[in-house]
Amino acid sequence: MAVPVPVPPVVFRDMLVACGYRQSAEDEDNWAMVKPDAEHPVLIVPKDGEVVSITVMMSILDKLKMDNATYFRLIAQVQGGAPPTATDAVPIPPA
């Protein structure tokens, strides 16, 4: 069974955009991703490093209750073309 692997910060950010989040702010180290109607409406994604740390990544995926299949589908979507838009949002199935 495949398990999520760390991806570059911009890919992870774009995956959150595909889930309906939008970037609301940023500083030199982080992006603030917002989705007002979500259970966790604000997620902080670090911009530094070649990949997002597995600890940070898994914490965010757990908050989203995202299964592995959804993660891989979204990562493939993000890496396969232009960054997703809010109209491309993929619903996250309930756990």
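Definitions and cut-offs
Residues numbered from 1 in each chain as written. Predicted model: local features only at pLDDT ≥ 70, side-chain atom pairs only at ≥ 80, totals over all residues. Heavy atoms only, no water. Phe/Tyr/Trp six-rings, centres within 6.5 Å; stacked < 30°, edge-to-face > 60°. Buried < 20%, exposed > 50% of the residue type's maximum accessible area, 1.4 Å probe, protein only. Lys NZ or Arg CZ within 6 Å of the ring centre and 35° of its normal. Core = buried A, V, L, I, M, F, W, Y, C linked by side-chain atoms within 4.5 Å. Helix = DSSP H or I, 4+ residues; strand = E, 2+ residues; numbered from the N terminus. Contact = heavy atoms within 4.5 Å. Arc of directions from axis to C-beta.

As enumerated under the stated definition, the model contains one aromatic pair in all. Geometrically, the ring pair formed by Tyr71 and Phe72 is edge-to-face, given 5.3 Å between the ring centres and 75 degrees between the ring planes. Among the residues examined, Tyr71 registers a relative accessible area of 1% and is labelled buried. Over the ring of Trp31 we find Arg13, and its NZ or CZ is 4.6 Å from the ring centre.

Turning to the nonpolar core, a few remarks are in order. Counting 24 residues, the largest nonpolar core has Phe12, Met15, Leu16, Tyr21, Met33, Met66 and Tyr71 as its most contacted members. Listed by contribution, the elements that provide at least two residues to this core are α1 (9-18), β2 (30-34), β3 (42-46), α2 (54-64) and α3 (68-79). It is α1 that contributes the most residues to this core, six residues altogether. Leave out the neighbours within four places in its chain, and Tyr71 touches Pro4, Val5, Val7, Phe12, Met15, Met57, Leu61 and Met66.

Quick look at α2 now. Of all the positions in α2, only Met57, Ile60, Leu61 and Leu64 are classed as buried. Down the axis of α2, the smallest arc covering the buried residues is 100 degrees, so these residues share one side. Looking at α2, the residues exposed on the side facing more than 90 degrees away from the buried face are Thr55 and Asp62. The inward-facing, buried residues of α2 abut α1, β3 and α3.

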